[in-house]
Structure formats: C-alpha cells, structure tokens
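Each chain, letter by letter, is given below.
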Amino acid sequence: MIVLKTSRELELMREAGRISHLALMAGVKAVRPGATTMDINRAVHDVILSFGATPSFLGYGGFPAAACVSVNEEVIHGIPSKHRKIREGDIVSIDTGAIYKGFHGDNAFTVAAGTASDQCRELMEVTQHCLELAIRAAQPGNRLGDIGSAVEQYARSHGFGVVQEYVGHGIGTEMHQEPEVPNFGKAGHGLRLRPGMTLAIEPMINMKGDGVCQDKKDGWTIRTASGLPSAHFENTVAITENGPVILTRP
Ligand code: MG
C-alpha cells in the first residue's frame, strides 16, 4: 500500500530529513585519510542523538551501526569498523537516516578522501547529477519510469553501470515502504506519482558493469562484481502539487 502524507506529516518528515542531512554532512566532514570508517559512523551517530532523534539504521535487520560506510568497490551496506582505515584517494559512500517523532529521513553522499582519480571524480559527479535528474523527474503526474529512465540514460551515456538489485523506496513511518523506486526503467511507464508520496531516490552507479555481489562473511556489504568503484547519492523527496521538494536538504 502506498501511504500519502498529510501536510502535518510532511512537516515532521522535513524535520527528520533535516536531522538526517546534518548527520550525513558530519559524516562527510569526518572523511579524511587516516580516519576509520567507525570514526565516520560516530560523527553521524552523535548528530542524530544531539537532536533527540533515533538512528534509523541501527538495529535495522540487525545492522550494527547508525551509518553504512562503503569504500571504493563497496556499493552499499558497508559496516563501520575501527580497523578499516581510509586511504588517500579512496571514495567513501555514507548512507544514514534519522527517526524523528515516528518519521524517517534517509540520505546518502559519496566523497573522496584527499584527491581521487579523474575517473572516480567523474563517477561521483555523474551519480550526483543522476540524482538531480531523477528529482527533477519526480513531478506529480509523471510516472516511476520517468525517474528510473532519467538515472539510467544519463549514467549509461557516460559508460557507467546501473545497479539493478537494490533500489530506492517509499519512506514515512517506516524506512522502507512501497513503492520500489528503481534506477532504471522506461519513461512514461509505471506507477503515477501523486502529491503526498514521499520517496527515497538513490542512484547507485558503478564504474563498470551493473553486477554486484554480497559479502558472504559479514552478510551485509554489497560490492561491485567488477571490483571497480561505485558511487551512491540519495535524498528523501516529497511529491507536491508544486513539484518535488527535497526533505533531506535545508
Ligand atoms: Mg534508502
């Protein structure tokens, strides 16, 4: 079932989104050569708690931290560790969310530690632009396929791969609600977007190939099949009469 949010509920989601954004930016600021992925998680976690909010990810399906921190060929769901040190030139994807008064925010950002390669910089820029294009396509009356198509076309025009197995999602009183929001699809096809829908839109773009695989040991980390880097950007977006509104941005 797709839950449409009232304006009062959207106000609470805006606050959850604002906290999620500030937590994510604290994580981004903590990315530097020599920092551990646990240092990044701690920065995120502290901000969420400072607003009296609850980390959405902590304990979700047994996930042990407030943020997913995924380095280079890790696409999503990297588990923070005090033993994992960030190195110069790594690209680091941080994904986090906060629950505020029962409503969730969810957002992600990829950033380089020091100076990344030209290829990695292009990958990050293209993925971020995929998200912008996807949000622009999230107009009332448009369809889910318009969002997926916007991401896929732009990523593929740069020769990059598009992750198919993991997708964006509806969000509200739970982190994952209907509908699924794929990063691929046909323009003009799929569910029609209506005011009151809130979607977590999150392109995951690989430097090469669409394929990914899950770490068998930790049961969480998703890596590219190619072993080459991947980038991930995400915002929580409300569909309104006046167009898309990004809730995880001040
Ligand atoms: Mg998400």
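Residues numbered from 1 in each chain as written. Predicted model: local features only at pLDDT ≥ 70, side-chain atom pairs only at ≥ 80, totals over all residues. Heavy atoms only, no water.

> Any details on the confidence of the model for the chain? Residues and values, ideally.
For the chain, per-residue confidence averages 98 on the pLDDT scale, and 100% of positions sit at 70 or higher. Within the chain, the lowest mean pLDDT, 97, falls on strand S10 (residues 177-181), and the highest, 99, falls on strand S15 (residues 230-232). (pLDDT = per-residue confidence, 0-100. Helix = DSSP H or I, 4+ residues; strand = E, 2+ residues; numbered from the N terminus.)

> Please give an account of the coordination of the magnesium ion that cites residues and values.
The coordination sphere of the magnesium ion contains the protein donors Asp106 (OD), His169 (NE2), Glu202 (OE) and Glu234 (OE), at a distance range of 2.1 to 2.3 Å. Read N to C, the donor residues that coordinate the magnesium ion are spaced as D-x62-H-x32-E-x31-E. Residue histidine 169 is located in strand S9 (residues 168-170), and its partner glutamate 202 is located in the loop between strand S11 (198-201) and strand S12 (204-206); the two are separated by 33 residues in the primary sequence. Among the residues examined, histidine 169 registers a relative accessible area of 5% and is labelled buried. (Donors = N, O, S within 2.8 Å, 3.2 Å for Na, K, Ca; no water. Buried < 20%, exposed > 50% of the residue type's maximum accessible area, 1.4 Å probe, protein only.)

> An account of the state of the cysteines is needed here, citing residue identities and associated values.
If you walk through the whole model with that rule in mind, you get 0 disulfides. Considering cysteine sulfurs only, cysteine 130 is the nearest to cysteine 120, which forms no disulfide, with 16 Å between them. Taking the relative accessible area as the measure of exposure, cysteine 120 reaches 8% and is therefore buried. Free of any disulfide, cysteine 213 has its nearest cysteine sulfur in cysteine 68, 17 Å distant. (Disulfide = S-S within 2.5 Å.)

> Give a description of the pairing of S10 that names residues and reports values.
Of the strand pairs in this sheet, S9 and S10 are connected by 3 bridges, and their pairing is antiparallel. Each residue of the ladder has a partner; that of histidine 169, found in S10, is glutamate 180. (Pairing = 2+ DSSP bridges.)

> Explain the packing of aromatic side chains to me, using residue names and the numbers behind them.
Applying the stated criterion to the full structure yields 2 aromatic pairs. A centroid spacing of 5.0 Å and a plane angle of 85° characterise the contact between phenylalanine 63 and tryptophan 220, whose relative ring orientation is edge-to-face. Here phenylalanine 63 is found in the loop between strand S1 (54-55) and strand S2 (67-71), whereas its partner tryptophan 220 is found in the loop between strand S13 (212-214) and strand S14 (222-224), with 157 residues between them in sequence. Phenylalanine 63 gets classed as buried once you look at its relative accessible area, which sits at 4%. (Phe/Tyr/Trp six-rings, centres within 6.5 Å; stacked < 30°, edge-to-face > 60°.)

> Give a description of the pattern of salt bridges that names residues and reports values.
Applying the stated rule across the entire model yields 12 salt bridges. For glutamate 11, the salt bridge is made with arginine 14, and the minimal N-O distance between the two is 3.8 Å. Highlighted residues: glutamate 11 and arginine 14, both in helix H1 (residues 7-29), separated by 3 residues, approximately one helical turn. Using a relative accessible area of 39% as the deciding quantity, one classes arginine 14 as partly exposed. A salt bridge links arginine 223 to aspartate 215; the shortest N-O distance between them is 2.8 Å. (Salt bridge = Lys/Arg side-chain N within 4 Å of Asp/Glu carboxyl O.)

> Give a detailed account of helix H2 (residues 37-50), specifying residues and quantitative values.
Its 14 residues give H2 an end-to-end C-alpha distance of 20 Å, which sits within 8% of 20 Å, the value for a rise of 1.5 Å per residue. For H2, the full list of buried residues reads Thr37, Ile40, Asn41, Val44, His45, Val47 and Ile48. Seen along its axis, H2 keeps its buried residues to an arc of 160°; they face one direction. If you follow the buried residues of H2, they end up packed against H1, S1, S2, strand S4 (91-96) and strand S5 (98-100). At the exit of H2 stands glycine 52, carrying a positive phi of roughly 70°. (Expected span 1.5 Å × (residues − 1). Arc of directions from axis to C-beta. Contact = heavy atoms within 4.5 Å.)

> I'd like a description of the sheet that holds S10, backed by residues and values.
Taken in spatial order, the 5 strands make up an open sheet running S10-S9-S11-S16-S17, and their pairing is antiparallel. The sheet is open, and its two edges are formed by S10 and strand S17 (243-246), each paired on a single side. Averaged over all neighbouring strand pairs, the angle between strand axes comes to 30°, with direction disregarded. The sheet contact formed by strand S16 (residues 235-240) and S17 spans 4 bridges and is antiparallel. Across the sheet, residue alanine 238 finds its bridge partner in S17, namely valine 245. (Axes fitted to C-alpha atoms, helices over the stretch in contact; angles between N-to-C directions.)

> Would you mind going over the packing of H1 against H2 in detail, with residue names and values included?
Two packed helices can be described by the angle between their axes and the distance between those axes. Closest axis-to-axis distance for the H1/H2 pair is 8 Å, and the angle between their directions is 150°. When the axis of H1 is compared with that of H2, the two are roughly antiparallel. Remark: the crossing between H1 and H2 carries right-handed chirality. Only Ile40, Ala43, Val44, Val47 and Ile48 of H2 make contact with H1, whose side of the interface consists of Ile19, Leu22, Ala23, Ala26 and Gly27. (Parallel < 35°, antiparallel > 145°, perpendicular 65-115°, else oblique. Left-handed = near helix turned anticlockwise from the far one by under 90°.)

> Give me helix H3 (residues 118-136): which residues, what numbers.
If you check H3, its first and last C-alpha atoms are 27 Å apart, about what 19 residues at 1.5 Å a residue would give, namely 27 Å. Taken together, the buried positions of H3 are occupied by Cys120, Leu123, Met124, Val126, Thr127, Cys130, Leu131, Ala134 and Ile135.

> I'd like a rundown of the sheet that holds S1, residues and numbers included.
A sheet is described by the order of its strands in space; here 3 strands give the open sequence S1-S5-S6, paired in antiparallel fashion. The sheet terminates laterally at S1 and strand S6 (103-104), the two strands that pair on one side only. In the sheet, S1 pairs with S5 via 2 bridges, with the strands oriented antiparallel. Within S5, the residue paired with threonine 54 across the bridge is isoleucine 99. Packing against the sheet, H1 makes contact with S5 and S6, and its axis sits at approximately 145° to S5.

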